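# A look at the structure
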Amino acid sequence: MTIDRLNSIDPIRDPQKSSQAGRTSRAAKGDSIAISNDAAEKAELYNAVEIAKAAPEVRTDRVAELKAKTWKPEILEDLQAENRLGSEYVRLKASARVPFEGEERNLTELLAFAESPDRGMRRRATAAIAGFYRDREAEFDRIYDELVRLRDGIARKLGFPNFVPLAYARLGRSDYGAEAVAGYRRQVHATVVPLAAALRRRQAARLGLPSLEFHDEALEFLSGNPEPLGGAEGIVANGLSMFAAMSKETGDFFRLLSERGLYDLETRKGKAAGGYCSYLPTERVPYIFANFNGTAEDVDTFSHECGHAFQVYRSGLAARGVPDYDWPTLEACEIHSMGMEFLAWPWMDSYFGKDAAKYRFRHLSAGILFLPYGVLVDEFQHWVYGNPHVSPAERKAAWRGLERKYLPWRDYSGDEFLERGGFWFRQGHIFQDPFYYIDYTLAQVSAYEFWGKAGADRGAAWASYLSLCDLGGSESYLELLRRAGLRSPFAEGAVEAIMKPVREWLDAADDRGM
């Protein structure tokens, strides 16, 4: 089974980088979904395993074992129904036409207004986004309720006690389970939540506010968030020079993308939301889809998706016809993308000019602010699928309780819908790619480790990164980390050790005048 579609993080604000990610064997379409599509791939399984037997570096036995656990002929119609519900969610979000400032806006366009230095504008934009979900609350509740019950039923037909272990098997998690993930969440709660709370206090001070309300969170600096120079064309032009300078391998890679037009970057009305990297297996080339909106997230998305694309380009060259070699499991895939974001740091002056320092501070701190949210999403899903028959109201209450645990600074300023726990409707992964979201947080921790390595010895960091890309899916997640010389985030104390230099860099940075 190949992974055809990977997207970048969708953290606190549900920015443009929010579309689904997952596993499918076909080129993704604009509003398709990418949940496990095992039913369509069973005909390919025998041939893939036979090919893989000739390549001992590929962990064929464990891959085949996990796949076998996720399939029986009697779940075919259920998988089709799951796919339809996921597509319904995508269409519902893509239908957004919200009147705002004299025009109809989609959700991506509204997010740019949520970063305005004008506090009233931020408040109105944030309320408009929440209003879209509130007005369709019954529809989102119905879709998710059907998905939860359907997935629970699929799991029981396959002999699982609930959907949680089936989800782990779908994601190819061969060397860790829910207990290890729970221990990792505890590390994040103990180490990162206090750091994130301190960053929010610094943000309030920069904005001249006694405390942050939710509509303030998207604005990092009173002078305005950093904005990329030159729009989409400028980002691509800078990408050509950046990747040419970074290494011969990245230069060859991005010239291929540019010459063949293997990207669609600018937002437009009716375009599916989100950002992701697809892979065209017959052509053996990647394809990048995004929704640029003129904010700093455009550069994040660009470097992130190029990280995905570079990895599959490299490992695809060496795959020798073995589909599972193209991509590793998803938590490892996200190391390539988030790692590339940090490896691109030396070129941020060309993207942001005088705002480059502001961008670097924002980018490094963004991961700290994201990690608590990311583990919140994961803990919520473990609770949901452990309690598949609760009511929509109980799910929202559980979400709000977890927000208070992991995001103790969050102040919705009396917004009734968000106070009831409705924020998660915007998090597409919860609907389409269950249990995938924790992978972003695991990869964020490893990306921070790459950031530290690059600061100490960039040549060695690049060699490690290139090796990780070339390994593709030939090893399990933890073995890939070992081969690349990276710590396991599950190891006791690993999160604290990796975060130490990040905290020190941020503590030393003077953000007051940015």
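Before any of the text, the structure's been laid out above.
What this report covers is the structure whose coordinates are included nearby. (Residues numbered from 1 in each chain as written. Predicted model: local features only at pLDDT ≥ 70, side-chain atom pairs only at ≥ 80, totals over all residues. Heavy atoms only, no water.)

This part takes up the pattern of salt bridges. Tallied over the full model, the rule gives 49 salt bridges. Between Arg284 and Asp326 there is a salt bridge; the shortest N-O distance is 2.9 Å. A residue pair is termed long-range when its members are at least 10 positions apart, and Arg284 in the loop between β5 (276-280) and β6 (285-292) and Asp326 in helix α12 (residues 323-326) qualify at 42 residues. By relative accessible area, Asp326 is classed as buried at 2%. One salt bridge connects Glu416 with Arg420, and the closest N-O pair in it is separated by 2.3 Å. A relative accessible area of 46% places Glu416 in the partly exposed class. A single network of salt bridges, built from pairs that share partners, joins Arg200, Glu217, Arg400, Glu403, Arg410 and Glu419. (Salt bridge = Lys/Arg side-chain N within 4 Å of Asp/Glu carboxyl O. Helix = DSSP H or I, 4+ residues; strand = E, 2+ residues; numbered from the N terminus. Buried < 20%, exposed > 50% of the residue type's maximum accessible area, 1.4 Å probe, protein only.)

With that settled, the discussion passes to the side chain of Gln203. Mapped onto the elements, Gln203 comes out in helix α8 (residues 178-207). Within polar-contact distance, the side chain of Gln203 engages the backbone oxygen of Glu217 at 3.0 Å. Excluding anything up to four places from it in sequence, Gln203 contacts Leu212, Asp216, Glu217, Leu219 and Glu220. (Polar contact = N/O pair within 3.5 Å; in protein donor to acceptor, adjacent residues only side chain to side chain. Contact = heavy atoms within 4.5 Å.)

Inspection of the secondary structure assignment puts Ser278 in strand β5. Sequence separation of Ser278 and Ile288 is 10 residues, and the distance between their C-alpha atoms is 6.3 Å.

Let's shift gears to the pairing of β6. Burial within β6 is extensive, with seven of its eight residues counted as buried. One ladder, built from five bridges, connects β5 with β6; its direction is antiparallel. Bridge pairing in β6 links Cys277 to Ile288. Once β5 ends, the chain turns through four residues before running back antiparallel as β6, passing Arg284 with a positive phi of about 55 degrees. (Pairing = 2+ DSSP bridges.)

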